[in-house]
Structures are given as structure tokens and as C-alpha cells.
Amino acid sequence: MSEQKFDDVFRRRLEDAESRVPGDLWDAVAAQKFDEAFRTQLGAFSSAVPAGAWSSIQQQKFDQSFATRLRQAVSPVSDHIWPQISRRLHQRDRTPILLLLLLGLLMAGTALKWSSDRKTTDGVFPNARAVQGNQLPDNQNQLGFVPVEAPTAETDKDTQELQPGSSMAENSISLAQSSPPKHSIVSDLRTHKEEKASKIRGSANRASTPAEEEALIASNSSHEHMLSSPHEKSVDASDSEDSHPTEGPSSAHAQRNVSSLSYVPGITFEHLNFDRNPQINCPNLSVGRRSSLFLELRLTPGYPLRSLKDTSGNEESTPYIERRKNTEQPTSTFGLQALVGLEFEDLEVKTGVALSQIHEVFDFIDQTSSRTIVDTIRDMSGNVIDISIVREYGTRLKRSNNRYTFIDIPLIFGYRIRPKEDHSIWLRAGAHVNLAFMKSGSILSESEDVLDLKEVDFFKTRAGIRGTVSLGYELDITDKNSIGLQLIYSHPFSNLTIDGYPIQQQYKRAQVGFSWKHKLW
Amino acid sequence: MNQEEVIAGCIRQEHACQKHLFDLVSGKMMTVCLRYARNRADAEDILQEGFVLLFKNIAKYQGTGSFEGWIRRIFVNTALKKYQRKRFDKERVGIEHVQEPELDATALSSLSEQEIIALIQELPEGYRIVFNMFAIEGYSHKEIAAQLGINEATSRTQLLKARKQLQRKLLKLHSIPL
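Note that this is a predicted model, so its numbers are computed, not measured.

Undergrad: Before we go on, may I ask you to explain the confidence of the model for chain B in this structure?
TA: When pLDDT is low, close inspection of the predicted coordinates is not appropriate. Residue and element names in this part refer to chain B. Put simply, chain B has an average pLDDT of 80, and 83% of its residues get 70 or more. The model gives residues 89–98 a pLDDT under 50, and that stretch makes eleven contacts with residues more than four places away or in other chains. Two summary scores accompany this predicted model of the complex, namely pTM at 0.39 and ipTM at 0.75.

So, in C-alpha cells, the structure goes:
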């Protein structure tokens, strides 16, 4: 078969043959034509460019040129920068200490002020309790105080005029009581004395006989004497005369007698019938408020409640926490506090120094431990002639007592309920600000190596603040000493681990407190 | 020491890791501070403050995104803290209609980085901050407005004025008459 014929065969067979056309072929051709139509229409069309487009592109390029040059640019840094940053990073926050010092100063100032007030009160009313028992002290003549005797029936009239229903002693003391400052009391007494002088003059005018007049003057002079200060007598006399220049002869006589009696030292009142056992209801003036400064020693054994929390958010530290929980067991806590405080009525505030420890047992069994024994054999001259190395595999038990030690400044406020005399129930709350935090013992690392607690760097150097609440019973064993028993709960407000470390470690404490309190005043 | 180790060390407040990170990024961050600050002394203050913040907050870095970008943001925020909103209150809002001179985008190529920083430092405070945030950090006007507590329009105005000033300075440097 010639080549021509061969081709013809194919041509004939295929000329009229029909192949299957894909269903969407016509759609595709139509869409192409549609696009072509748009292309033809819009191809040569030029739209107006928005104003500033080129400028905008230029601006972007301008910005970009700065960004490119500066984003990765490195500038030299002065040598002094890092030491300053380092110092700031490791600087301790002393604000809590300063606050506590301020509070301490405030307390000391308050104590001094109270102490000063107390001394002033005692000076104005020396041993005022003694007045109650009719036992006047030696310094009774200070500040206008003279022996006070109960008035007789003859003087009752004047006494009642002075202050109905009370004795002279009550009058003099009640005057002073109402105005504690020294100068105020003297001023009040002077005013009162002038009123009395006026009344005496009036009484003298009313006296009908010379005997009555004399008796009246004598009785009144005792009151005058009682109210006069030795330093004020001359002034008082002249004041009396000057203030009543127009009174009659009887009045003048009475005044002279009053004056003369007032000035005579060592005047006796034997002719007057004094009641030797007066019932003077004198208020307690020595301490207007029950305040005291005290020292307290407290011993606080207890049990620590440890919490180890994974704060990483992805629980990647949880296995390590479990390992630590298995190897470290909190056993006990112990505290010793030396406190100074103020009691005021049923409130107290105290501060001082507190030392406390948390004890744990670290117990770790390393079953994959090994040890290498190297034996070196030397000759007589010391030269090494043989070395034997033996490696032993086995279990190693590592046990140690871990101690976390805290030195704190406590500030504690208390409120007392007194069910009975000498018995007190105290409700207390406060805070311990940590000054120093130390640790010793062993800890497991994440790679299960046993590390010295002192070497790990994820603990803080100060433990922050913890709050305490307590309920206590206190028994007064003497006037100045008392012993107490407390149930104390202590809650930490900050972690022992540094910020950023994925495990938070805290200790709550449940403690029993034994205390001895000694009142300084 | 790779980046993860450095970060972990910094979280544990290890001095060596902190120093390593400081050596690694302080140069770049100094450039950031210099751009925002009026002078070198201010920039050093910002740098110190920024590093203290960085080391205190490094545990908050989640590991997502660029670590350098995260650090840069701390320094930018530290720099911005120095500038109060009141600095912008007195700025007049409105774009001056000034024909911007043509400037080749490669005009900066003849300048060193320190000269470019000096140019930026010469800008008034408001201009400088907005230009830095928009042109170099890539913040939008909306973000700048939110960050600085100003209007978006103010941000745009500040940026245009900053550009104009920079262009003038550059043209002057290249002795191109305006």
C-alpha cells in the first residue's frame, strides 16, 4: 500500500467521525466572547488618576526609605547604662519598711504623748486616790490644795450655797476635775474664792451679834484658806477690799477679820467641830483612761500548709511540681516574737520583731545513681604505676531537713472582750512584713538533680507580706503580768518564688501561740 | 545560648542572661529611643526604663510573634509614656496647603544612620512621635490616635507636617533650591 492510500484510509475513516463535545464548551466560548467584548471596549480607555496619587506613592517611598535605614540600625550604648539597669533590677523595694518605721514612730509618739498627759494629770491631782481615804499627801499645798475637812453643821449653810448636796472636798475636786489644765484650775479656784468672799461679806452683814459674826467669819475663813493659794493671798485680800469700797462698817470688820485670818500662818480650826470620818465620794482622777505600755514575748509552734501552683498556663511544670511534692514534706513551723505595744481601754496595737521557721523534710531516692571509684597505685617514689577505675550503680538516698527562715516586722491590732475581771478574750488581726528570707536544705531540680536550696535562684530574697488573724485568751496573773494562749492563722499575700517563675510557692500557717505580757505602766 | 535559653534565664532573673539580652538588643533599642527622644540623655533614660520594664515583664512573652518586635513595642510604649496628651492639645488641626517639593526617595542614601536620627530628633515633639509611629513602626493613624489619645485628623496633620519638615531639611542638605 502506497503512502497515499494509507493516508486516504485514515481520512475516510475519520472524515465523518464525530467526537463527544464537553457540555460546557459552548458556555466557555460565550464567556470568552463576553470578556473579549469588555476588553475591546475598555482596553484603550484611560481613567483620570486621583489627585495626589503620585504624591502618595512618593510619600510611601519616603517613609519606606526612613524605615529601611532605621529599623535595623544599631546605635552605640554608653557603658554606664547597664550598671544602672542592673542596680535598678536588683534594688529592693523598701516602701513597706518605711511604712512600718513611720507607724513605729507614730506609736512611739502616741506613747510619749499619753505618758506626758498622765504625768500632767498626776501633778494636778497628786495621789487623788488618797483623797478618797482622807489621806492627803505631803505636797498637798501645791496648786492651792490644803487639808480638806468635812464641813460641820455650822458651815453646812455656806457649803450648800457653794454647791448644794456636796462637800467642800467634792467641790474643790470637781472644779479641778472639770478643767484639768493647771492654769485653768487656778483661775477657776480664784473665781470661786471671790464668789465665796462676796458671800462671806453678805453673811457678815446679816450677823446680828459680834459672837455670831466672829463664828461666821471663823468658819468662812477656813473655806477661804482652803481655796487660797499661799502665793495668791495678798492679791486676794486687796482684790476683796478694792472690789467693795462702799460697804458698811460691819462688812469692813468682817473683811478685816477674813483678811487677817487668811494671812495668819498655822491657823487652827480646833474650835470648829469637824467630822473626822467624812464620806467623800471622790471620783477616780489619777487615770482617766486605762492605757498601758507593755512588752510581750510569744512562742508560736504550728503546722505549715504549703501550696505549689503551676502558673505557666500550659501545665508544663505540673510533673515537676508532683516530684517536688513527693520529695518535700512540710513538718512544722515555729515562731518567736518580741513585741512592744500599747493598750488603750480594750484596744491594743503592737509591733516588734518576729523570727519564724518552716521545717520540711527532703527525702529523695535516686535509683539511677552511680559512683566511680578510682584506685591509683604508686611505687615507693610516688610514681603512678597502675590506675583502677570501678563504677558502681545503685540507689542513693538523700535526706535533709529544709528550713525556710523569716525575719518579719509584725504590726498587730487587737480588741478585747472581758467576760470577767482578770480574764480577757482577744481578737487580733495584723500583718507581718518580711525583712529577710533565708533558706537551707535541698531541693530537686527539674532534671532530678539534688540542688542546695541556697543555690537555686528562683526564690525571692524577701517574702513580702502575710496577714494574720488570731483568737486569744489572756489571764492576768498579777497587776503587771499576764499569760495568754492564742489560735493563729497566717495567710501569705505574696509568693516565695520570683515573679515570672512558673511555680508559685506559698505557706499558710496554723499556729498556737503562748504569750507572756508585762505591763511597763 | 539560644533565644529560649536567654528568655528562660531572664525569667529566673539570672544576671548573665539579662546581660546577654542587653548586649543583644540594646544597640537597636537605643536607635528606637533616639528616634523618639529629643536628645541622647532622654534616649538613655527611655532605654533604662525600657530594659527595667522588659526584664520585669519578660515572663509575659508568650513566644508567639517576633521577640524583637515584642521588645521594640515595650520601648516604643516607654518612649510614648514620656509624652503626654497635653502636648498635642495645643497643636492646630488642619493641613497646610504647601506644595511639596519633589524629592528622590534615595536622598537618604548619602546620609548615615546617625545623621538621619539627628534629622528626626530636630522635629517638634508631636511631629516626631507621629512620624516615628507611622513611617517607621507601621502603626495606622487609628492606632496612633488611640495610643496618644488624639484625633486621627491630628495624627494625619502631624505626619504631613513632619514629612514636610524632613523634606525641607533633606533638600537643604542636598542644596536643592525650594
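Undergrad: Explain the environment of Ser-317 of chain A here, please?
TA: With respect to the helices and strands, Ser-317 of chain A occurs in the loop between strand S2 (302–310) and helix H13 (318–327). For Ser-317 of chain A, the residues in contact, after removing those within four places along its chain, are Asp-310, Ser-312, Pro-502 and Ile-503 of chain A.

Undergrad: What am I meant to see in the packing of helix H8 (residues 141–148) of chain B against helix H9 (residues 152–173) of chain B here?
TA: Residue and element names in this part refer to chain B. Relative orientation of the contacting elements H8 and H9 amounts to 110°, with a least axis distance of 8 Å. By the angle between their axes, H8 is roughly perpendicular relative to H9. Contacts from His-141, Lys-142, Ile-144 and Ala-145 in H8 reach Glu-152, Ser-155 and Arg-156 in H9. Along the lines of polarity and charge, the residues of the contact of H8 with H9 split into two nonpolar, two polar and three charged.

Undergrad: I would appreciate a short explanation of the interface of chain B and chain A in the present structure.
TA: The parts lose accessible area when they come together, and the size of an interface is often stated as this lost area. Across the contact, 31 residues belong to chain B and 29 residues belong to chain A. Elements that contribute at least two residues to the side of chain B that touches chain A include exactly helix H2 (15–36), helix H3 (40–57), helix H6 (113–121) and helix H7 (125–137) of chain B. In terms of residue count, the dominant contributor to the side of chain B that touches chain A is H2 of chain B (ten residues). Residue composition of the side of chain B that touches chain A, grouped by class: 16 nonpolar, six polar and nine charged.

Undergrad: Even after reading the chapter, I still don't get the packing of helix H4 (residues 81–89) of chain A against H3 of chain B, so can you show me in this structure?
TA: A pair of packed helices can be characterised by two numbers: the angle between their axes and the separation between those axes. In the contact formed by H4 of chain A and H3 of chain B, the axes pass within 10 Å of each other and the chain directions differ by 40°. Here H4 of chain A is positioned oblique relative to H3 of chain B, judged by the angle of their axes. The two elements H4 of chain A and H3 of chain B cross, and the hand of that crossing is right-handed. Residues Ile-81, Gln-84, Ile-85, Arg-88 and Leu-89 of chain A of H4 of chain A form the contact with H3 of chain B, whose own contacting residues are Glu-44, Leu-47, Gln-48, Phe-51, Val-52 and Phe-55 of chain B. Here the contact of H4 of chain A with H3 of chain B is composed, by residue class, of seven nonpolar, two polar and two charged.

Thresholds applied
- Residues numbered from 1 in each chain as written.
- Chains lettered and ligands numbered in written order.
- Predicted model: local features only at pLDDT ≥ 70, side-chain atom pairs only at ≥ 80, totals over all residues.
- pLDDT = per-residue confidence, 0-100.
- Contact = placed C-beta atoms within 7 Å.
- Helix = DSSP H or I, 4+ residues; strand = E, 2+ residues; numbered from the N terminus.
- Axes fitted to C-alpha atoms, helices over the stretch in contact; angles between N-to-C directions.
- Parallel < 35°, antiparallel > 145°, perpendicular 65-115°, else oblique.
- Nonpolar A, V, L, I, M, F, W, Y, C, P; charged D, E, K, R; others polar.
- Left-handed = near helix turned anticlockwise from the far one by under 90°.

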